[in-house]
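Examining the three-dimensional arrangement
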Amino acid sequence: MSSTEGVPRGVIPAHLLKGQKALVTGANSGIGKATAIGLGRAGADVVVNYVAGADEAQKVVEEITSFGVRAAAYEADVSREDQVVAMMDRMVQEFGTIDILVANAGLQRDAAFEEMTLAQWQKVLDVNLTGQFLCAREATKEFLRRGVVPEVSRAAGKIICMSSVHQLIPWAGHANYASSKGGVQMLMATLAQELAPKKIRVNAIAPGAVKTPINRSAWETPEAREDLLRLIPYKRIGDPDDIAHAAVALASDLMDYMVGTTLYVDGGMTLFPGFATGG
């Protein structure tokens, strides 16, 4: 089933990102998949990055190309500097440049804090935080080399860091994940401050509870769903397309004056609903 099935085409204007080249990391499933498809629907050519699941990545490519744009699947581990550099070099060679980076790749390795291994800690930081640093650094080099092309975009480049409500909300049992997302928030803000004078826009999206494979246990059963809904004032669990729509808008010139901001797409989780009846 398509991640955008049932969503009217009019929700995403077909030419909003026409002529732009986008890279989405971790794009063969979940939020990354929906975002890559959303960018393609909006007119961008899209590189679908993955580290495992080549068949799924190719299916995403096929859906994107059905919109009349180009797409390709690139395998690369974003925590590996050599692979990120090679991926960006290949994209520039094959697609001409990059205009939009959505640094989405991420994972969890959950454990009680006293039982968490150094390997669990390091793996999450390597992918979730260092991976964003490496991808953003290489994209920035190309943005600066090319500069602003006014007929394509008002900015020289757009970086969207995929964060989480857990850059703000502590999460017991997930010290590595929450720490990585806190780091993403400060990385994003620091890059935005440094790169804005060079016409590079850096922002973040912080999803709340979204139905993806990484958190299936949190919404798959009626009991789990009911527990989760207690944390969401809007009383529905998010869909990957909720995040994709935010990413498309944020990547477009409609949001050209938005710099260094985190968009919380969370149904109100960051309103701390436990305090709704007092505290």
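Computed from a prediction, not measured in an experiment: that's the story for all the values here.

1. Here's the deal with the overall build of the chain
- Summing up its helical and strand segments, the chain has seven helices and seven strands in all.
- The N-to-C order of helical and strand elements in the chain reads β-α-β-α-β-α-β-α-β-α-β-α-α-β.
- Seen through its C-alpha atoms, the chain measures out along the principal axes to roughly 50 × 40 × 40 Å.
- Of the contacts made within the chain by residues no fewer than 6 positions apart, 74% connect residues no fewer than 24 positions apart.
- As presented, the chain carries roughly 12,900 Å² of accessible surface, and 55% of it is formed by carbon and sulfur atoms.
- Distance between charge centroids for the chain: 5 Å, based on 27 positive and 31 negative side chains.

2. What about helix 2 (residues 54-65)?
- Over its twelve residues, helix 2 extends 17 Å from the first C-alpha to the last, a length consistent with the 16 Å expected when each residue adds 1.5 Å.
- The set of residues buried in helix 2 consists of A57, V60, V61, E63 and I64. Buried residues of helix 2, seen end-on, are gathered within an arc of 165° and therefore sit on one face of the element. Counted as exposed and oriented over 90 degrees from the buried face of helix 2: D55 and K59.
- Residues of helix 2 that are buried sit in contact with helix 1 (30-41), strand 2 (45-50) and strand 3 (71-75).

3. Overview of the sheet that holds strand 5 (residues 157-162)
- The strand order across the open sheet built from seven strands is 3-2-1-4-5-6-7, with neighbouring strands paired in parallel fashion. Two strands in the sheet have a free side with no partner beyond their single neighbour: strand 3 and strand 7 (262-265). Between one strand axis and the next, the sheet turns through 20° on average, direction left out of account.
- When strand 1 (residues 21-24) meets strand 4 (residues 100-103), the two strands line up parallel, connected through three bridges. Opposite A22, over in strand 4, you have I100 as the bridge partner.
- Lying over the sheet, helix 4 (residues 118-146) contacts strand 4, strand 5 and strand 6 (200-207), oriented at roughly 170° with respect to strand 5.

Conventions adopted
- Residues numbered from 1 in each chain as written.
- Predicted model: local features only at pLDDT ≥ 70, side-chain atom pairs only at ≥ 80, totals over all residues.
- Heavy atoms only, no water.
- Helix = DSSP H or I, 4+ residues; strand = E, 2+ residues; numbered from the N terminus.
- Contact = heavy atoms within 4.5 Å.
- Areas by Shrake-Rupley, 256 points an atom, 1.4 Å probe, with all protein chains shown as cover.
- Lys, Arg positive; Asp, Glu negative; His and termini not counted.
- Charge placed at Lys NZ, Arg CZ, Asp CG, Glu CD.
- Expected span 1.5 Å × (residues − 1).
- Buried < 20%, exposed > 50% of the residue type's maximum accessible area, 1.4 Å probe, protein only.
- Arc of directions from axis to C-beta.
- Pairing = 2+ DSSP bridges.
- Axes fitted to C-alpha atoms, helices over the stretch in contact; angles between N-to-C directions.

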